[in-house]
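Spelled out, the chains give:
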Amino acid sequence: QVQLVESGGGLVQAGGSLRLGCAASGRTVSSYAMGWFRQAPGKEREFVAVISSSGANTYYAYADSVKGRFAISRDNAKNTVYLQMNSLKPEDTAVYYCAAGSSWRLRAGDLYDYWGQGTQVTVSS
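Worth saying up front: this structure is predicted, and the values here are computed from it rather than measured.

What counts, and where the lines are drawn
- Residues numbered from 1 in each chain as written.
- Predicted model: local features only at pLDDT ≥ 70, side-chain atom pairs only at ≥ 80, totals over all residues.
- Heavy atoms only, no water.
- Helix = DSSP H or I, 4+ residues; strand = E, 2+ residues; numbered from the N terminus.
- Buried < 20%, exposed > 50% of the residue type's maximum accessible area, 1.4 Å probe, protein only.
- Pairing = 2+ DSSP bridges.
- Axes fitted to C-alpha atoms, helices over the stretch in contact; angles between N-to-C directions.
- Contact = heavy atoms within 4.5 Å.

Student: Just give me the short version of the environment of A99, but keep the residues and values in it.
Tutor: Turning to its location among the elements, A99 is positioned in strand 9 (residues 94-101). The exposure class of A99 is buried, given its relative accessible area of 0%. Separated by 50 residues in the primary sequence, A99 and A49 have C-alpha atoms spaced 10 Å apart.

Encoded structure:
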């Protein structure tokens with residue numbers, strides 16, 4: 001079992017930055033591919049970013065809508081995954097969730113095993 005708790009959400013102006021954190025307990029985040037998803041009001045949940053489990057190589061993937069603006073990282077010592085969000089846009093407004101899964105190739109949220117409760121990000125224009 002893995003428990004995930006997101007933090008770092010808030011209200012920011014367009015063009016600003018936020019860093020979300022996802023603290024894990026129960027098992028180490030290094031054992032899992034860790035993903036970030038988001039869901040805006042009235043919209044389906046969508047994939048944002050993923051980082052592979054620890055190994056010889058680290059793999060990353062991003063949604064086209066955030067590529068070049070967002071960066072996912074992992075601090076194994078703190079058992080935490082981060083999502084650095086820069087150049088934020090109003091369309092980035094959503095509840096952001098972190099999730100733990102078996103493979104960094106997974107993009108469908110239904111295939112992830114554990115989820116946090118979410119943190120609200122609101123970007124004002």
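Student: Go over the pairing of strand 9, please, and point to the residues and values.
Tutor: For strand 9, a buried count of 7 out of 8 residues is recorded, marking the element as mostly surrounded by other parts of the structure. Note: strand 4 (residues 33-39) against strand 9, 7 bridges, orientation antiparallel. Bridge pairing links W36 to C98 in strand 9. Alignment of strand 9 against strand 11 (residues 119-124), held across 3 bridges, turns out to be antiparallel. Across the sheet, the residue bridging to V95 is Q120, located in strand 11.

Student: Break down the sheet that holds strand 8 (residues 80-85) for me, with residues and values.
Tutor: Within the open sheet, the 4 strands sit side by side as 1-3-8-7. Their pairing is antiparallel. Each having just a single partner strand, strand 1 (3-7) and strand 7 (70-75) make up the two edges of the open sheet. With strand direction ignored, the average angle separating the axes of adjacent strands in the sheet is 15°. Sheet topology places strand 7 next to strand 8; 6 bridges connect them, and they run antiparallel. Among the inter-strand pairings, A71 is bridged to a residue of strand 8, identified as Q84.

Student: Describe the side chain of D92, listing the residues and the values that go with them.
Tutor: As for its placement among the helices and strands, D92 is situated in the loop between strand 8 and strand 9. Among the residues examined, D92 registers a relative accessible area of 0% and is labelled buried. What D92 contacts, discounting residues up to four positions off in sequence, is R38, R69, F70, S87, V121 and V123.

Student: Describe the pairing of strand 5 (residues 46-51), naming the residues involved and giving the relevant values.
Tutor: Among the 6 residues that make up strand 5, 5 are buried, leaving the element largely enclosed by the rest of the structure. Between strand 4 and strand 5, which pair antiparallel one after the other, the connecting turn spans 6 residues, and G42 there sits at a positive phi close to 75°. Sheet topology places strand 5 next to strand 6 (residues 60-62); 3 bridges connect them, and they run antiparallel. Residue pairing across strands places I51 opposite Y60, the latter belonging to strand 6.

In short, the description is geometric, and any link to function would need to be established separately.
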